[in-house]
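Structural overview
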Amino acid sequence: MSTDRLHVDWTRCDGRGLCTELLPELLDRDEWGYPVVRDPHVPRALRRDARDAVRACPLRALRLVTASDPSQPVRVAPHSPAGSRAAH
Ligand code: SF4
């Protein structure tokens, strides 16, 4: 059985930290505000919150990948860039 893992694409992330506010159980902020994945393994109880954080990322920098195939992102519904950016 595969498990979901969090991944941050640093080339996309702007470090405003929306995801850290939505998923404080798994994400911290570094001294510049960029998210630090405290534990990349997403427990079952936090899968929904992790998917919500991925959807809310306005720059699509936060992803869920399956541990069995790290190159393949977990499919989540696309976010609304305008709405997400306004909230970011
Ligand atoms: S929400 Fe996305 S762009 Fe914003 S800090 Fe998190 S990963 Fe970076």
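Residues numbered from 1 in each chain as written. Predicted model: local features only at pLDDT ≥ 70, side-chain atom pairs only at ≥ 80, totals over all residues. Heavy atoms only, no water.

What to know about the pattern of salt bridges
All told, the structure shown has 5 salt bridges when counted by the stated rule. Put simply, Asp-9 and Arg-12 hold a salt bridge, and the shortest N to O gap is 3.5 Å. Judged by relative accessible area, Arg-12 falls into the partly exposed class, the value being 39%. Here Asp-14 makes a salt bridge to Arg-16, at a shortest N to O gap of 3.6 Å. (Salt bridge = Lys/Arg side-chain N within 4 Å of Asp/Glu carboxyl O. Buried < 20%, exposed > 50% of the residue type's maximum accessible area, 1.4 Å probe, protein only.)

Re the environment of Glu-25
If you trace the backbone, Glu-25 turns up in the loop between helix H1 (18-22) and strand E2 (27-29). Classification of Glu-25 by relative accessible area gives partly exposed; the value is 40%. Counting along the chain gives 13 residues from Glu-25 to Arg-38, while the straight-line C-alpha distance between them is 8.3 Å. When near neighbours in sequence (up to four residues on either side) are disregarded, Glu-25 contacts Arg-38 and Leu-46. (Helix = DSSP H or I, 4+ residues; strand = E, 2+ residues; numbered from the N terminus. Contact = heavy atoms within 4.5 Å.)

Let's talk about unusual backbone geometry
The backbone of Arg-60 shows a phi angle near 55 degrees, a positive value even though the residue is not glycine. Note on placement: Arg-60 falls in the loop between helix H2 (47-56) and strand E4 (62-66).

Concerning the nonpolar core
Core analysis: the biggest nonpolar cluster contains 16 residues, and Leu-6, Leu-23, Leu-26, Leu-27, Val-42, Leu-62 and Leu-64 have the highest contact counts within it. Elements with a minimum of two residues in this core: strand E1 (4-8), H2 and E4. When residues of this core are assigned to their parent elements, the largest contribution, 3 residues, is made by H2. Discounting chain neighbours no more than four positions away, the residues touching Leu-6 are Leu-23, Leu-26, Leu-27, Val-37, Pro-40, Val-42, Leu-62, Arg-63 and Leu-64. (Core = buried A, V, L, I, M, F, W, Y, C linked by side-chain atoms within 4.5 Å.)

Some remarks on the environment of Tyr-34
One can find Tyr-34 in the loop between E2 and strand E3 (35-37). The exposure class of Tyr-34 is partly exposed, given its relative accessible area of 28%. Ignoring anything within four residues of it in the chain, the contact list for Tyr-34 reads Trp-10, Cys-13, Asp-14, Gly-15, Asp-28 and Arg-29.

Details of the confidence of the model for the protein
Considering every residue of the protein, the mean pLDDT works out to 83; 74% of them sit at 70 or more. For the protein, per-element mean pLDDT is lowest for helix H3 (residues 81-87), which scores 42, and highest for H1, which scores 97. In this model, residues 80-87 is a region of pLDDT below 50 whose contacts with residues beyond four sequence positions or in other chains number 7 contacts. (pLDDT = per-residue confidence, 0-100.)

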